[in-house]
Amino acid sequence: MSDAPATPPGAGRSIRDVQESAARELARMSPVVDELGRRFTEAGEGLALVGGPVRDAMLGRSHHDLDFATSARPETTERLLAGWADATWDMGRAFGTIGARKGDWQVEITTYRSDTYAADSRKPEVAYGDTLEGDLGRRDFTVNAMAVTLPDHRFEDPFGGVVDLAHGELRTPGRPEDSFSDDPLRMMRAARFASQLGFRVDPAVRRAMTDMAERIRIVSAERVRDELVKLVMGAHPREGLTLLVETGLAEHVLPELPALALERDEHHRHKDVYEHTLTVLEQSIDLEHRLGGPDLVSRLAALMHDVGKPRTRRFPGDGTVTFHHHDVVGAKLTRTRMRALRFSNDVTDAVASLVELHLRFHGYGSGEWTDSAVRRYVRDAGDQLARLHVLTRADCTTRNRRKADRLRRAYDDLEARIDTLAEEEELAAIRPALDGNQIMAVLGIGPGRDVGDAYRFLLEARMDRGPMAPEEAETLLREWWSTRGRSG
Ligand code: ATP
Ligand code: MG
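Residues numbered from 1 in each chain as written. Chains lettered and ligands numbered in written order. Predicted model: local features only at pLDDT ≥ 70, side-chain atom pairs only at ≥ 80, totals over all residues. Heavy atoms only, no water.

### Focus: the overall build of the chain
Along the chain, the regular secondary structure elements total 22 helices and nine strands. Expected size for 488 residues packed as a compact globule is a radius of gyration near 23 Å; at 30 Å, the chain overshoots this value by more than 25%. The principal-axis extent of the C-alpha atoms belonging to the chain is close to 95 × 75 × 45 Å. Relative to its 488 residues, the chain shows a buried fraction of 50%. Pairs at least 24 residues apart make up 66% of the contacts formed inside the chain by residues separated by at least 6 positions. Surface accessibility of the chain: about 23800 Å² in total, with carbon and sulfur atoms responsible for 48%. In the chain, the 69 positive side-chain charges and the 81 negative ones have mean positions that sit 3 Å from each other. (Helix = DSSP H or I, 4+ residues; strand = E, 2+ residues; numbered from the N terminus. Rg over C-alpha atoms; globule rule 2.2 N^0.38 Å. Buried < 20%, exposed > 50% of the residue type's maximum accessible area, 1.4 Å probe, protein only. Contact = heavy atoms within 4.5 Å. Areas by Shrake-Rupley, 256 points an atom, 1.4 Å probe, with all protein chains shown as cover. Lys, Arg positive; Asp, Glu negative; His and termini not counted. Charge placed at Lys NZ, Arg CZ, Asp CG, Glu CD.)

If you want it as structure tokens, here you go:
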């Protein structure tokens with residue numbers, strides 16, 4: 001389990017560390033960005049590297065996405081990119097952004113802006129601005145409101161972003177209430193950066209998020225989803241999710257999560273399902289090496305696996321608590337939520353099926369399943385088997401070491417049986433390249449013991465050499481037949 005670090009990774013850096021990282025990273029980008037800067041300057045336009053790449057350069061993280069701000073209008077940008085970029089595309093002319101690729105670098109160039117939300121609209125209204133300073137002032141957080149002008153490398157930091165970055169803190173350039181009122185998505189972005197960067201949010205930001213949480217409802221589901229995905233995929237999802245829950249934002253974007261904070265019954269019999277869920281998420285992240293790296297479906301499944309519990313909770317009256325069918329109910333709630341957030345069908349199906357299957361293993365006990373029960377488990381998991389292994393293993397947060405060990409060994413045993421069965425069944429499915437009729441035709445013989453012997457010979461050859469073409473099998477068969485004729 002990965003415990004949250006006591007100090008955020010971005011915190012406690014000296015300004016000097018930050019400057020050194022930035023200089024190193026900038027030197028790496030220079031050959032690309034300076035040339036582009038010269039093109040724009042020669043055309044009388046300003047160009048600056050802004051936002052993510054500047055911030056991440058200071059954190060010593062390298063970037064292949066380059067975000068730029070420019071005085072040029074999109075048509076001019078397109079013209080200036082022609083002949084320089086390997087490819088360019090219109091990322092949304094309405095937002096003034098042109099995309100391009102240059103070698104390994106992904107480039108986004110956006111015209112200076114000063115956008116605002118009309119009180120009831122779901123998308124920001126874009127108004128072009130005239131200055132870099134004005135553009136930086138419209139950005140979400142001070143650590144994202146720094147720029148390096150090109151090609152002269154002037155560092156612009158009008159809101160003290162470098163100090164906040166060194167402290168690992170998210171503050172807004174102006175009053176957070178005004179910023180979140182202009183674009184409520186910035187509240188989600190605060191939680192996203194808390195997860196990605198491990199930064200704290202400034203108390204004023206947290207207060208504004210709490211007071212204005214409901215405003216997130218005017219933002220489109222797609223934009224909310226994109227931030228939620230980045231949050232969940234961040235290095236510190238517990239921090240980001242906790243912030244969403246504590247400020248009340250989760251109530252609007254993912255109400256199933258705060259609903260897990262069930263009160264304990266009078267006997268303190270069941271653990272807080274909410275806390276359990278965050279721990280399962282962290283434990284599943286620790287197992288992601290089995291999936292080849294960070295995995296959105298696996299993380300969402302961990303997050304959603306118990307969302308059926310609040311609705312299915314019953315107290316039978318004997319001091320116990322039950323959650324019958326919380327797997328099925330949870331899968332349904334998961335589907336509904338993920339559809340509302342406009343997740344793709346593939347991702348939604350995968351997550352819902354994991355939620356539905358997450359309890360199946362508990363019938364396994366100490367290995368009583370028949371082979372056919374094991375086969376059914378594999379068949380029902382389908383493509384999701386590797387993730388189901390991760391989820392089921394992660395879904396054990398008991399403090400009782402012996403119980404945890406017993407569960408782990410039982411799951412090891414199940415996985416071993418799955419492997420053995422798979423191997424046996426693959427072997428059982430192997431056939432030689434020629435069947436009995438073909439063997440008789442090739443050798444010009446009728447039914448009899450020779451056909452069985454020839455078949456077994458070809459099967460052995462298939463085991464030894466792997467798949468072969470019929471012509472190759474035919475040649476082998478004739479050779480075998482002639483030696484056999486001589487010796488027999
Ligand atoms: P990454 O691309 O690594 O996820 P990023 O900081 O580049 O992080 P983007 O969503 O690509 O994030 O946005 C680029 C920059 O644009 C940000 O750094 C920020 O300065 C600005 N920005 C993006 N979205 C908003 C917003 N909703 N309100 C204000 N500024 C924003
Ligand atoms: Mg970016």
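### With respect to the environment of G330
By the secondary structure assignment, G330 is in helix α15 (residues 326–340). Sequence separation of G330 and L262 is 68 residues, and the distance between their C-alpha atoms is 15 Å. Each residue touching G330, except ones within four places of it in the same chain, is listed here: V307, G308 and V355.

### Re the site of ligand 1
For ligand 1, the set of nearby residues contains 16 residues, the closest of which are R55, R139, D183, R186 and R192. Residue D140 places a main-chain N or O atom 3.1 Å away from a nitrogen atom belonging to ligand 1. Backbone polar atom of N144 to an oxygen atom of ligand 1: 3.0 Å apart, as the coordinates give it. When ligand 1 is considered free in solution it has 580 Å² of accessible area, and contact with the protein chains removes 77% of it. Those elements giving two or more residues to the shell around ligand 1 turn out to be α2 (52–58), α7 (185–197) and α9 (221–232). It is α7 that contributes the most residues to the shell around ligand 1, four residues altogether. Within the shell around ligand 1, the residues separate by chemical class into one nonpolar, four polar and eleven charged. Looking at the shell around ligand 1, you find at least three residues from each of domain 1 (1–168) and domain 2 (175–254). (Near = heavy atom within 4 Å. Polar contact = N/O pair within 3.5 Å; in protein donor to acceptor, adjacent residues only side chain to side chain. Nonpolar A, V, L, I, M, F, W, Y, C, P; charged D, E, K, R; others polar. Domains from an automatic or database assignment.)

### Some points on helix α13 (residues 296–304)
Buried residues dominate α13, accounting for nine of its nine residues. Among the residues of α13, L296, V297, S298, R299, L300, A301, A302, L303 and M304 are the ones counted as buried. Summarising the contacts, the buried residues of α13 are in contact with α9, α10 (237–247), α12 (273–286), α15, α16 (345–357) and α18 (385–394).

### Describing a positive patch on the surface
Taken together, the side chains of R402, K403, R406 and R409 present a region of like positive charge at the surface. With respect to the helices and strands, the residue R406 is situated in helix α19 (residues 401–428). Overall, the relative accessible area of 55% leaves R406 in the exposed class. (Patch = residues over 30% accessible without salt bridge, like charges linked within 9 Å, V, L, I, M, F, W, Y side chains within 5 Å. Salt bridge = Lys/Arg side-chain N within 4 Å of Asp/Glu carboxyl O.)

### Here we look at the nonpolar core
Counting residues in each nonpolar core, the largest one holds 111 residues, and the members touching the most others are L49, F68, L244, Y377 and L414. Residues contacting L414, with those up to four places away along its chain left out, are F361, Y364, W369, V374 and Y377. Listed in part, the 14 residues of the second largest apolar core include V442, V451, A473 and L477. (Core = buried A, V, L, I, M, F, W, Y, C linked by side-chain atoms within 4.5 Å.)

### Considering the pattern of salt bridges
Where charged atoms from two side chains of opposite charge approach closely, those side chains can pair. Following the criterion strictly, the structure yields 39 salt bridges and no others. A salt bridge links R154 to E156; the nearest nitrogen and oxygen atoms lie 2.2 Å apart. Assessed through its relative accessible area of 44%, R154 is described here as partly exposed. The class for E156 is buried, based on a relative accessible area of 13%.

### Points about the packing of aromatic side chains
Inspection of every chain in the model, using the stated rule, returns seven aromatic pairs. Pairing F361 with Y411 gives two aromatic rings, centres 4.6 Å apart and planes at 65°, and the pair type is edge-to-face. Placement of F361 in the loop between α16 and α17 (371–381) and of Y411 in helix α19 is noted, with a sequence separation of 50 residues between them. Of the residues examined, Y411 reaches a relative accessible area of 1% and is grouped as buried. Ring pairing ties together the aromatic residues F361, Y364, W369, Y377 and Y411, which thus form one cluster. The ring of F193 has R192 lying over it, and the distance from NZ or CZ to the ring centre is 4.2 Å. In this arrangement the basic side chain of K309 is found over the ring face of F323, its NZ or CZ atom lying 4.7 Å from the centre. (Phe/Tyr/Trp six-rings, centres within 6.5 Å; stacked < 30°, edge-to-face > 60°. Lys NZ or Arg CZ within 6 Å of the ring centre and 35° of its normal.)

### Comments concerning the packing of α9 against α10
Between α9 and α10, the least distance of the axes is 8 Å, while the angle of their chain directions is 135°. As judged from the angle between their axes, α9 and α10 are oblique. For the pair formed by α9 and α10, the contact residues are L228, L231 and V232 on the first element and P237, G240, L241 and L244 on the second. Among the residues making up the contact of α9 with α10, the classes are represented as six nonpolar, one polar and no charged. (Axes fitted to C-alpha atoms, helices over the stretch in contact; angles between N-to-C directions. Parallel < 35°, antiparallel > 145°, perpendicular 65-115°, else oblique.)

### Quick notes on a negative patch on the surface
Together, D419, E423, E424 and E426 make up a negatively charged patch on the protein surface. Turning to its location among the elements, E424 is positioned in helix α19.

### Overview of the packing of α13 against α18
Contact geometry for α13 and α18: axes closest at 10 Å, N-to-C directions at 40°. Comparing their axes, α18 and α13 come out oblique. Where α13 crosses over α18, the handedness of that crossing is right-handed. Listed contacts from α18 to V297, S298, A301 and A302 of α13 are R387, V390 and L391. (Left-handed = near helix turned anticlockwise from the far one by under 90°.)

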